[in-house]
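Now for the letters of each chain:
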Amino acid sequence: MRGRETLALLFRSPTAIVAGAVLVALVVTAVLGDSLAPHDPTATDVSNRLQSPSTAHWFGTDELGRDVLSRVIEGAAVSLKVGAVAVGISLVAGVLIGLVAGYYGTWVDDVLMRLSDVLFAFPAMLMAIAVLAILGPGSTNAMIAIGIVYTPIFARITRASVLSVREEVYVRAARSAGAGDLRIVGRHVLPNVTAPIIVQTSISLAFAILSEAALSFVGLGTQPPDPSWGRMLSEGRGFIEQAWWMAVFPGLAIFVTVLAFNVLGDALRDVLDPRQRSAMAGTGVTP
Amino acid sequence: MTRYVLRRLLQSVAVLLGVSILVFAIIQLVPGDPIRAALGQQADPETYAALRERAGLDDPVPLQFVNWLAGAATGDLGVSFRTGETVLSQILARTPATLSLAGAAIVVALLIAIPLGTISALHPRSPVDWFASLSSQAGLSVPDFWLGILLILLFAGTLGWLPSSGYTPFTEDPVDWARHLILPAITAGVSSGSILTRFVRSSVLESLGQDHVRTARAKGMRARDVLTWHVLRNALVPLVTVAGVQLAYLLSGVVVVEYVFAWPGLGQLAFQAVESRDYPLLQGTVLLFAVIFLVVNLVVDLAYARLDPRISYRSAR
C-alpha cells in the first residue's frame, strides 16, 4: 500500500488523528524545548520550593523550586530521544536478523531463531536491568539495554513476513533472471515486508518510552540533573503528600505519550496489517 | 501429539542452555574484578580471597561455566557477595511475597477482563464497547509505577484507608497481609487486565457466532443460559492458558511495582543485587525468572495442543 493511501485511511480514524496530533505536538515540544519552556528547567529557587500550580508556575515547582512544566517540556526530548534510539537499535538489528533468517532458511534460520528464543526467555524489564548492571546506569546504556530487549520481536516479525514473501512469483522471477541475494532482498523482499515492521515500530516506541521511564524511575536510566520524566516521578514520590503535582504531571506526560503511540500503532495495524490484529488478539504477547 | 511434546521439550532444553550461558556471562562481562566491585577496595583480604575461591573465578572460564551449571541444576546458585548467605535461601525467603502479589494481580486482571470483555462483546460498537476498548488501551499505556503512586496518594494519603507500603506475611496476620496487598495487586493487575479484556471480547464474539449457540437460541433457550452454558464456557476455556502466560509476565513484571510499594519480593531482591553489585544474587534471580517464563510458556503450549489438536498436527508436519 502506498504512503498516501495509508495516510488517507488513517485520517478516517478520529482516534488516529488525535494520536497523530499529540505526537506531532510532542515532537515540536521536544525540538523547541528551550524556547517553549517558561523557565530555566535547571534553575533552582529555594524560596519558591514546592509551590502548587499557579499562573506563574502552571505545573507548580519542585523541592528545589524548579519549574515543573519547564522540566516536563525538557523531559520530552530525553524520553523521545531514548525511545527513538532504542527502537532504532532493535529495528536495525532485528530486521537484519529476520531478513537473513527468513531469506536463507536452513541452519542459519535455526541458529538465529534459537538465539532470539533465548533473548525472548528473559522478561523485558529484568533483561534491561541485567544489561544495565553490566554496563552501568545512564541514558546511553538504557538505550542499548532497551534496544537489545526489543530486538527479538522485530526479528520474529520480519522473518515471518519474509517466509511468505520469498516464495512469491516476483521473487522467483528475479532469482531466475540472475539477480543477486542483496538485490532481491533490497528491491523485492524488504519493500514487501514493511507493513508489520511499521506497526511494530509504533508499538515498540510506546513500550521503549515506558521502559526508559521505569528504568529512570528506579535510578538506572537517565541520571540527574537531566529532567527525564521517570526520574521526575521518582523525585516526586518522596513529596507525594506535600506536592502531588511533582509526580502527577510527569506521569501524565508518560501516559499521554505512550497512549498516543499505542493508539497510532493500533490504527496502523488496522490499515496496514489487519490479519496481524486477529492473530495477536489475546496471545498475551507484550510488544 | 507425543512427537510434538518431545519436540517442544527438546526446544525448551536448548533455550534453557542458551539462557544459562547468558546468565553465566553476566559475571564475566562486568568490567574489572566483580568481587572488588561488590566489596570495594577496602575489603578484608580474607573475605575477598574466600569469595573468589568460592566463586571459582580463578578457574578457566569453560570450567567455571560447567561448575556453575552443575551447581544451578542442583539448586546451588552460589553465595551472595554481600551477605555470604546462599543465593537460594535468599530467593526462597522472597518467593512468597512475589507469588502472593502476582497471584492477587491475576485475580484483579480477571475481575476486570471477564465482565468488561463479555459485556463489550455482547454489545459490539455500543458505548460500552467503546468504553471497554478505550479503558483497555489506557490500561496498557498507564505506567504502573505512576498508577501505584496515584493509588497511594488517594487511598493511603487522602482517604487513609490502606497502607502506602510494606508487607505482612500471611502467617502473621492475614487481614494486614490483605490490606497491604490490595494497592500493589491493583497496580500490577491493570495492564494484564487490559490485555485479557481484549482476549475475552474477541473470544466471546467468536463464540457468539457459532452454530451451537444459534441452535440453542433457536430452541428457545433463555439468553442468560445461552451465555452461561454455550458462550462463556467455550470462550473462557482458552482464557485459562492466556491467563497462565499473563501470570508468568506478572511474576517478573511486578519488579517495578515491588519497588514502588517496598514489597520485599524477588523484584526488590534483583534491584538490591544491582545496587550492591551482588552478581551471584543477580544471576540467581534472573535465572529463576527466565526458568519460570520458559516453564509457563511450555505448559501453555502443551495445554493449547491438548485443547486444539490441529496445533500439534501442524507442527509435526
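Since we're looking at a predicted model, the values are computed, not measured.

Caption draft 1: Seen up close, the overall build of chain A. Across its full length, chain A carries 13 helices and zero strands. In chain A, the order of α-helices and β-strands from amino to carboxyl end is α-α-α-α-α-α-α-α-α-α-α-α-α. Reported as C-alpha extents along the three principal axes, the dimensions of chain A are approximately 75 × 45 × 35 Å. Within chain A, counting contacts between residues at least 6 apart in sequence, those at least 24 apart form 70% of the total.

Caption draft 2: The overall build of chain B, seen in detail. What chain B contains, in helices and strands, is 14 helices and zero strands. Secondary structure elements of chain B, listed N to C terminal, follow the sequence α-α-α-α-α-α-α-α-α-α-α-α-α-α. Residue burial in chain B is summarised as follows: out of 317 residues, 47% are buried.

Caption draft 3: Fine view of the packing of aromatic side chains. One pass over the full model with this rule turns up 15 aromatic pairs over all chains. For the ring pair Phe217(A) and Phe145(B), a centre distance of 4.8 Å and an interplane angle of 25 degrees mean the geometry is stacked. Of this pair, Phe217(A) sits in helix α10 (residues 194–217) while Phe145(B) sits in helix α7 (residues 144–158), on two different chains. A single burial state applies to Phe217(A) and to Phe145(B), both of which are buried.

Caption draft 4: Looking closely at the nonpolar core. Counting residues in hydrophobic clusters, the biggest one holds 169 residues, and the most contacted among them are Val189(A), Phe217(A), Val19(B) and Phe145(B). When residues in this core are grouped by element, the largest group, 16 residues, is from helix α12 (residues 245–272) of chain A. The two domains that each donate at least three residues to this core are domain 1 (2–73) and domain 2 (87–307) of chain B. In contact with Phe217(A), not counting residues within four places along its chain, are Gly230(A), Arg231(A), Leu233(A), Ser234(A), Arg237(A), Phe145(B), Ile149(B), Val256(B), Tyr259(B) and Val260(B). Core analysis: the next-biggest nonpolar cluster, separate from the first, contains five residues, Val245(B), Phe293(B), Val296(B) and Val300(B) among them.

Caption draft 5: Spotlight on the UniProt feature "domain: ABC transmembrane type-1" (unreviewed entry) in chain A. The UniProt record marks residues 76–265 of chain A with the feature "domain: ABC transmembrane type-1" (unreviewed entry), using the residue numbering of this structure. Helix makes up 81% of residues 76–265 of chain A and strand 0%, whereas the separation of the span's terminal C-alpha atoms amounts to 20 Å.

Caption draft 6: Quick look at the side chain of Asp62(A). Residues and elements named next belong to chain A. Here Asp62 is to be found in the loop between α3 (33–36) and α4 (68–104). At a separation of 2.8 Å, a polar atom in the side chain of Asp62 contacts the side chain of Arg66. The contact partners of Asp62, leaving out residues within four places of it in the chain, are Arg49, Leu50, Val68, Arg71 and Met246.

Caption draft 7: Layout of the interface of chain A and chain B. Across the boundary between the two partners, chain A contributes 41 residues, which contact 45 residues of chain B. At the boundary of chain A with chain B, total buried surface from both sides reaches about 3800 Å², with 79% on carbon and sulfur atoms. For the chain A face of the interface with chain B, the top three residues by lost area are Phe122(A), Leu126(A) and Ile134(A), together amounting to 16%. In this structure, the connection of chain A to chain B is made through one salt bridge. Linking chain A with chain B are seven residue pairs in polar contact (both at pLDDT 80 or more), by the criterion used here. For the side of chain A that touches chain B, the secondary structure elements donating two or more residues are α5 (106–120), α6 (124–135), α10, α11 (229–237) and α12 of chain A.

Caption draft 8: Quick peek at the UniProt feature "transmembrane region" (unreviewed entry) in chain B. Residues and elements named next belong to chain B. Per the UniProt annotation, the sites labelled "transmembrane region" (unreviewed entry) are residues 12–30, 99–122, 143–162, 182–200, 236–261 and 281–304. The span residues 143–162 is 75% helix and 0% strand, and its two end C-alpha atoms sit 21 Å from each other. With 100% helix and 0% strand, residues 281–304 has end C-alpha atoms that lie 35 Å from one another.

Caption draft 9: Representation of the packing of α10(A) against α12(A) in the model. All names here are of chain A. Contact geometry for α10 and α12: axes closest at 8 Å, N-to-C directions at 165 degrees. Judged by the angle between their axes, α10 and α12 are roughly antiparallel. Handedness of the crossing formed by α10 with α12: left-handed. Here Ala195, Ile198, Val199, Ser202, Ile203, Leu205, Ala206, Phe207, Ile209, Leu210 and Ala213 of α10 come into contact with α12, specifically with Ile254, Thr257, Val258, Phe261, Asn262, Leu264, Gly265, Leu268, Arg269 and Leu272. Residues that form the contact of α10 with α12 fall into these classes: 16 nonpolar, four polar and one charged.

Caption draft 10: Examining the pattern of salt bridges more closely. Summed over all chains, the structure comprises 15 salt bridges over all chains. Asp266(A) is the partner of Arg269(A) in a salt bridge, and the nearest nitrogen-oxygen pair spans 3.9 Å. Taken together, the residues Arg269(A) and Asp266(A), both in helix α12 and three residues apart, mark about one turn of the helix. Summarising the burial analysis for this pair, Arg269(A) and Asp266(A) share the class buried. As a salt-bridge pair, Arg198(B) and Asp266(A) come within 3.1 Å of each other at their nearest N and O atoms. One end of the pair, Arg198(B), is in helix α8 (residues 174–208); the other, Asp266(A), is in helix α12, on a second chain. Since its relative accessible area comes to 28%, Arg198(B) is described here as partly exposed. Sharing partners across several salt bridges, the network here consists of Asp62(A), Arg66(A), Arg71(A), Arg231(A) and Glu235(A).

Caption draft 11: Region of interest: the UniProt feature "transmembrane region" (unreviewed entry) in chain A. Residues and elements named next belong to chain A. Sequence positions flagged by UniProt for "transmembrane region" (unreviewed entry) are, in local numbering, residues 7–32, 84–106, 118–136, 142–158, 197–222 and 242–265. Taken as a whole, residues 7–32 contains 85% helix and 0% strand, while its terminal C-alpha atoms sit 26 Å from one another. Helix and strand shares over residues 197–222 are 81% and 0% respectively, and the end C-alpha atoms of the span are 28 Å apart.

Caption draft 12: View of α11(A). Burial of α11(A) is extensive: seven of the nine residues sit out of reach of the surface. Where α11(A) is buried, its residues meet α2 (14–31), α4, α10 and α12 of chain A together with α7 of chain B.

Caption draft 13: Structural detail: the environment of Ile148(A). Residue and element names in this part refer to chain A. With respect to the secondary-structure elements, Ile148 resides in helix α7 (residues 139–165). Note: C-alpha distance between Ile148 and Tyr170 (22 residues apart in sequence) is 34 Å. Apart from residues lying up to four places away in sequence, Ile148 is in contact with Met127 and Val131.

Caption draft 14: Structural detail: the environment of Val295(B). Residue and element names in this part refer to chain B. By the secondary structure assignment, Val295 is in helix α13 (residues 279–307). For Val295, a relative accessible area of 44% gives the class partly exposed. Distance from Val295 to Leu122, taken between C-alpha atoms, is 35 Å for residues 173 residues apart in sequence.

Caption draft 15: Here's a closer look at the layout of surface pockets. All names here are of chain B. Taken as a whole, the second largest pocket encloses approximately 340 Å³ of empty space. Looking at the second largest pocket, it is lined by 20 residues, and the ones nearest its centre are Arg54, Ala55, Gly56, Trp68 and Gly78. With five residues, helix α4 (residues 61–73) is the largest single contributor of residues to the lining of the second largest pocket. Grouping the constituent residues of the lining of the second largest pocket by class yields eleven nonpolar, six polar and three charged.

Conventions we followed
- Residues numbered from 1 in each chain as written.
- Chains lettered and ligands numbered in written order.
- Predicted model: local features only at pLDDT ≥ 70, side-chain atom pairs only at ≥ 80, totals over all residues.
- Heavy atoms only, no water.
- Helix = DSSP H or I, 4+ residues; strand = E, 2+ residues; numbered from the N terminus.
- Contact = heavy atoms within 4.5 Å.
- Buried < 20%, exposed > 50% of the residue type's maximum accessible area, 1.4 Å probe, protein only.
- Phe/Tyr/Trp six-rings, centres within 6.5 Å; stacked < 30°, edge-to-face > 60°.
- Core = buried A, V, L, I, M, F, W, Y, C linked by side-chain atoms within 4.5 Å.
- Domains from an automatic or database assignment.
- UniProt positions renumbered as here; feature names shortened; annotations may be inferred.
- Polar contact = N/O pair within 3.5 Å; in protein donor to acceptor, adjacent residues only side chain to side chain.
- Buried area = accessible area lost by both parts, 1.4 Å probe.
- Salt bridge = Lys/Arg side-chain N within 4 Å of Asp/Glu carboxyl O.
- Axes fitted to C-alpha atoms, helices over the stretch in contact; angles between N-to-C directions.
- Parallel < 35°, antiparallel > 145°, perpendicular 65-115°, else oblique.
- Left-handed = near helix turned anticlockwise from the far one by under 90°.
- Nonpolar A, V, L, I, M, F, W, Y, C, P; charged D, E, K, R; others polar.
- 1 Å grid on protein atoms, 1.4 Å probe; cavity = no way out; pocket = protein on both sides within 12 Å on 5 of 7 lines; lining within 4 Å.
- Points joined across faces, edges and corners; volume = space filled by probe spheres on them.

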